[in-house]
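Below, each chain spelled out in residue letters.
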Amino acid sequence: MADRYNDLAMDQAVIRGLAKWPDVPAVYGWLALDARGNWLLRNSASGRFERIGNAMLREFISRNYEPDEQGRWFFQNGPQRVYVRLAYTPLVFRLTGNVVFDHCGRHAGALTGAWLDERGSLILRAAGGVGVLDDRDLLAASEQLVDASGVAAGAPADARCFVCSSGRMALGRVSSDELPVRFSFVADPQP
């Protein structure tokens, strides 16, 4: 799965660690991803998740983040797999102009689907997986929503298409409750 993105591969140190220690047990319940693409680590004293402030650690996690064959997303920390609790979707997308990037800084590539949920969130599917558009980019995205005739939609409820660098795509509707099943991911992986 490390080749999900053309410009991404697991860190060489991680690959060497996997080869050296292949049977290290996985970790669950310690790492989370919020709906804005922030990495969160569980504080062992309070039990609450707190935002990871160290930029180098966030970048390391992002470079080594991918799903397993069961749709459970994880961070490969050397030889140890750290499964990630998802607040909403496995990826969080950002818009730069009309180009979409994920929360790991990877170009999303061609989008293959777009949906609005009941909360007004924009869900996008790309080659690397499904993700929610960061809510801070919804205003910019709303300018890229058009009605059936191609005119800017006056309200999200009137939108029928989403226009971005991937082109114009039909905008479906989806319930937030059905996202994990519909897009084959596990929001809260367990052992």
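Residues numbered from 1 in each chain as written. Predicted model: local features only at pLDDT ≥ 70, side-chain atom pairs only at ≥ 80, totals over all residues. Heavy atoms only, no water.

Visitor: Sorry, what's going on with the overall build of the chain here?
Guide: In terms of helices and strands, the chain carries 4 helices and 14 strands. Split into buried and exposed, the 191 residues of the chain put 45% on the buried side. Residue pairs in contact within the chain that sit at least 24 positions apart in sequence constitute 53% of those at least 6 positions apart. Per element, the accessible surface of the chain, about 9,700 Å² overall, is 52% carbon and sulfur. (Helix = DSSP H or I, 4+ residues; strand = E, 2+ residues; numbered from the N terminus. Buried < 20%, exposed > 50% of the residue type's maximum accessible area, 1.4 Å probe, protein only. Contact = heavy atoms within 4.5 Å. Areas by Shrake-Rupley, 256 points an atom, 1.4 Å probe, with all protein chains shown as cover.)

Visitor: Would you mind going over the side chain of D134 with me for this structure?
Guide: Structurally, D134 can be placed in the loop between β11 (129-133) and α3 (138-142). Given a relative accessible area of 0%, D134 falls into the buried group. Engagement of the side chain of D134 in a polar contact is seen with the side chain of R136, the distance being 2.6 Å. Setting aside its immediate chain neighbours within four residues, D134 contacts R36, V92, F93 and R94. (Polar contact = N/O pair within 3.5 Å; in protein donor to acceptor, adjacent residues only side chain to side chain.)

Visitor: Looking at this structure, I do not really get unusual backbone geometry. What am I missing?
Guide: The bulk of non-glycine residues show a negative phi, and the bulk of peptide bonds are trans. Even without a glycine there, the phi angle at S184 is positive, about 55°. With respect to the helices, strands and loops of the structure, S184 is situated in the segment after α4 (179-182). Taking relative accessible area as the criterion, S184 reaches 56% and is therefore assigned exposed.

Visitor: When you look at the pairing of strand β5 (residues 73-77) in this model, what are you seeing that I'm missing?
Guide: Remember that side chains alternate between the two faces of the sheet whenever the strand is regular. Counting buried positions along β5 yields 4 of 5 residues, so the element is predominantly enclosed. Judged from the 3 bridges that link them, strand β4 (residues 65-67) and β5 form a sheet pairing that is antiparallel. Note on β5: the bridge partner recorded for P67 is W73. Hairpin connection of β4 to β5: 5 residues between the antiparallel strands, including G71 at a positive phi of 85°. By the bridge criterion, 4 bridges tie β5 to strand β6 (residues 80-86) in an arrangement that is antiparallel. Looking at the pairing, N77 lines up with Q80 of β6. Adjacent in sequence and paired antiparallel, β5 and β6 are bridged by 2 residues, among which G78 carries a positive phi angle near 60°. (Pairing = 2+ DSSP bridges.)

Visitor: I tried to follow the sheet that holds strand β1 (residues 27-33) on my own but got confused; where do I start?
Guide: Overall, mixed pairing links the 6 strands, which are arranged β3-β2-β1-β6-β5-β4 in an open sheet. Whereas interior strands pair on both sides, the edge strands pair on one side only; in this sheet they are β3 (49-51) and β4. Sheet twist, expressed as the mean angle between neighbouring strand axes with direction ignored, is 40°. (Axes fitted to C-alpha atoms, helices over the stretch in contact; angles between N-to-C directions.)

Visitor: Where do I start with the nonpolar core in this structure?
Guide: The tendency in soluble globular proteins is for nonpolar side chains to be buried side by side. Counting 43 residues, the largest nonpolar core has W39, Y65, L111 and F162 as the members making the most contacts within it. Here Y65 is in contact with L33, W39, W73, F74, F75, V84, L86, P90, L91, H103, C104 and R106, once residues within four sequence places are set aside. (Core = buried A, V, L, I, M, F, W, Y, C linked by side-chain atoms within 4.5 Å.)

Visitor: What is the right way to look at the confidence of the model for the chain in this model?
Guide: Reading fine detail from the predicted coordinates is not recommended where pLDDT is low. Looking at the chain as a whole, its pLDDT mean stands at 87, while 87% of the residues score no less than 70. Element-level mean pLDDT values for the chain span from 65 in helix α1 (residues 12-20) up to 98 in α4. Per-residue pLDDT stays below 50 along residues 1-8; that stretch engages in 21 contacts with residues further than four places along the chain or on separate chains. (pLDDT = per-residue confidence, 0-100.)

Visitor: I tried to follow the packing of aromatic side chains on my own but got confused; where do I start?
Guide: The relation between two aromatic rings is expressed through the spacing of the ring centres and the mutual angle of the planes. Per the stated rule, a full pass over the model turns up 6 aromatic pairs. Ring centres of W39 and Y65 lie 4.8 Å apart, and the angle between their planes is 80°; this geometry places the pair in the edge-to-face category. Taken together, the residues span a long stretch of sequence, with W39 in strand β2 (residues 39-42) and Y65 in strand β4 at a distance of 26 residues. By relative accessible area, W39 is classed as buried at 2%. On the accessibility criterion, Y65 (1% relative accessible area) is buried. Their ring planes at 85° and their centres at 5.4 Å tell us that F60 and F75 sit as a pair that is edge-to-face. In this pair, F60 sits in helix α2 (residues 55-63) while F75 sits in strand β5, placing the two residues 15 residues apart along the sequence. Every member of this aromatic cluster is reached through a ring pair, and the members are Y28, F74 and Y83. Across the ring face of W30, the terminal group of R42 is positioned such that the distance to the ring centre comes to 4.0 Å. The ring centre of F74 lies 3.9 Å from the NZ or CZ of R81, which sits over that ring. (Phe/Tyr/Trp six-rings, centres within 6.5 Å; stacked < 30°, edge-to-face > 60°. Lys NZ or Arg CZ within 6 Å of the ring centre and 35° of its normal.)

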